[in-house]
Amino acid sequence: MIDLQSVAYNYGGRELFSGVSLSITPGSFHFLTGPSGAGKTTLLKLCYLELMATSGRVSVFGRDAAQMTRDDIARSRSRIGVVHQDCQFLDHLPVIENVALPLTVNGKDPESARGDLESLLAWVGLSHQADRRPPELSGGERQRAALARAVINAPDVILADEPTGNVDWDMSQRLLSLLVELNRMGTAIMVATHDLNLIRAAKAQVNTRTLRIADRRLISAGADL
Ligand SMILES: Nc1ncnc2c1ncn2[C@@H]1O[C@H](COP(=O)(O)OP(=O)(O)OP(=O)(O)O)[C@@H](O)[C@H]1O
C-alpha cells in the first residue's frame, strides 16, 4: 500500500537518510525507532505525502507520489489515518468536532455520521469528554482523541508518531490495545516510538516488525527485543 524504494531526504542540502526501502502491506504492523532527530517523523511524512522524497520512489496505493496531482494526494491521504506527535487539535472546538474534522475534509456530513462518532468516542473511552475542549483533557485522553480522529474515515493504514509519548504505562497499554484491535481487523499500522517496552508488549500480542533509523539508513531491528 505504501512503498518506499531507495528513498533519500535532505533538509536544506543536509542528508537525513538515504537508501531507505520499506513496504507497508495490508494488515502489517511496524514499529519505527531510532534516536531523537534520526528522521522518524520525516519518514512518516514521506509516507503520508506531507513531504516529497529528494530521490528514490515513493508509491502510495499503487501510484507514484511524484506523478500525483493535489487531488490524488488528497484522495490517498483520506485512506491514511495520522496520529501526530503533538495531536494537532483545533483547541476552540469540542473533542467530538475535532474527531469529526476528517469527515468534513472528505466532504461528508458529520451530523449524518453522529452515530459513528459516538461509537468511536465510546471505543476510545471518551464519551464523557465529547463536549470538552482539547486543552481540558489529560495527555492520555488527548492521545486517544487523536487516535479516534485518525480512525474516523476507516483508513487502510494508520501512521502514529509517538502515540504514547507523555502517558503512563497503563495508558500506553490501553492505546496499544486499541492499535492491536485495529490491526486484527486488517488495518496496517506503523508506530514511531522510543518506547522499547511498548514494542515488547506489542510483540506478545501481534506479529510486528521493528525498523530502526541508524547512521542515516533504515535497518531491521528488534531481534533483541
Ligand atoms: N522543517 C525542517 N527544516 C529543517 N530541518 C528539519 C525540519 N524538520 C525536521 N528537521 C530536522 O531533521 C531531523 C529529523 O527530524 P525528525 O523530526 O524527523 O526526527 P525524529 O526521529 O522524529 O525525532 P524525535 O524522536 O525527536 O521526534 C532533525 O535534526 C530536525 O531538526
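Since the structure is predicted, the reported quantities are computational estimates derived from the model, not experimental observations.

**A closer look at the site of the ligand**
Next up, step 1: What surrounds the ligand is a group of 13 residues, the closest being Ser36, Gly37, Lys40, Thr41 and Thr42.
Next up, step 2: At a separation of 3.3 Å, an oxygen atom of the ligand approaches a polar side-chain atom of Arg14.
Next up, step 3: Of all the secondary-structure elements, those providing two or more residues to the shell around the ligand are strand E2 (14-24) and helix H1 (40-47).
Next up, step 4: If one sorts the elements of the shell around the ligand by residue count, H1 sits on top with 3 residues.
Next up, step 5: Tallied by class, residues from the shell around the ligand come to 4 nonpolar, 7 polar and 2 charged.

**Let's talk about the domain arrangement of the chain**
Next up, step 1: On domain assignment, one finds that the chain holds domain 1 (1-79 + 156-225) and domain 2 (92-154).
Next up, step 2: Placing a centre on the C-alpha atoms of domain 1 and another on those of domain 2 gives a separation of 23 Å.
Next up, step 3: The partner domain 2 presents 12 residues to the 14 residues of domain 1 that form the contact.
Next up, step 4: Viewed at the interface, domain 2 and domain 1 are joined by 0 salt bridges.
Next up, step 5: At the junction of domain 1 with domain 2, the criterion picks out 3 residue pairs in polar contact (both at pLDDT 80 or more).
Next up, step 6: A total of 7 residues in the side of domain 1 that touches domain 2 trace back to one element, the largest contributor, which is helix H6 (residues 169-184).
Next up, step 7: When the residues that make up the side of domain 1 that touches domain 2 are grouped by side-chain class, the tally is 8 nonpolar, 2 polar and 4 charged.

**Remarks on the side chain of Ser172**
Next up, step 1: In this fold, Ser172 is placed in helix H6.
Next up, step 2: Polar side-chain contacts of Ser172 include one of 2.9 Å to the backbone oxygen of Trp169.
Next up, step 3: In this structure Ser172 touches Thr164, Val167 and Leu198, once residues within four positions along its chain are discounted.

**Some thoughts on unusual backbone geometry**
Residues other than glycine predominantly adopt negative phi, and peptide bonds predominantly adopt the trans conformation.
Next up, step 1: Non-glycine residue Phe61 carries a positive phi angle of around 50°.
Next up, step 2: Looking at where Phe61 falls in the secondary structure, it is placed in the loop between strand E4 (55-60) and strand E5 (63-64).

**Observations concerning helix H4 (residues 114-123)**
Next up, step 1: Taken residue by residue, H4 has Leu117, Leu120 and Leu121 as its buried positions. End-on, the buried residues of H4 take up no more than an arc of 100°, which puts them together on one face.
Next up, step 2: In this structure, the buried residues of H4 make contact with helix H3 (95-105) and helix H5 (139-151).
Next up, step 3: Immediately downstream of H4, the backbone of Gly125 shows phi near 75°, a positive value.

**Some thoughts on the pattern of salt bridges**
Next up, step 1: Tallied over the full model, the rule gives 8 salt bridges.
Next up, step 2: As a salt-bridge pair, Glu15 and Arg216 come within 3.1 Å of each other at their nearest N and O atoms. Taken together, the residues span a long stretch of sequence, with Glu15 in strand E2 and Arg216 in the loop between strand E9 (209-214) and strand E10 (217-221) at a distance of 201 residues.
Next up, step 3: Given a relative accessible area of 31%, Glu15 falls into the partly exposed group.
Next up, step 4: Residue classification places Arg216 among the partly exposed residues on the basis of a relative accessible area of 46%.
Next up, step 5: Of the charged contacts in the structure, one is a salt bridge between Arg63 and Asp72, with a shortest N-O distance of 3.0 Å.

Here is what the cut-offs are and how they apply
Residues numbered from 1 in each chain as written. Predicted model: local features only at pLDDT ≥ 70, side-chain atom pairs only at ≥ 80, totals over all residues. Heavy atoms only, no water. Near = heavy atom within 4 Å. Polar contact = N/O pair within 3.5 Å; in protein donor to acceptor, adjacent residues only side chain to side chain. Helix = DSSP H or I, 4+ residues; strand = E, 2+ residues; numbered from the N terminus. Nonpolar A, V, L, I, M, F, W, Y, C, P; charged D, E, K, R; others polar. Domains from an automatic or database assignment. Contact = heavy atoms within 4.5 Å. Salt bridge = Lys/Arg side-chain N within 4 Å of Asp/Glu carboxyl O. Buried < 20%, exposed > 50% of the residue type's maximum accessible area, 1.4 Å probe, protein only. Arc of directions from axis to C-beta.

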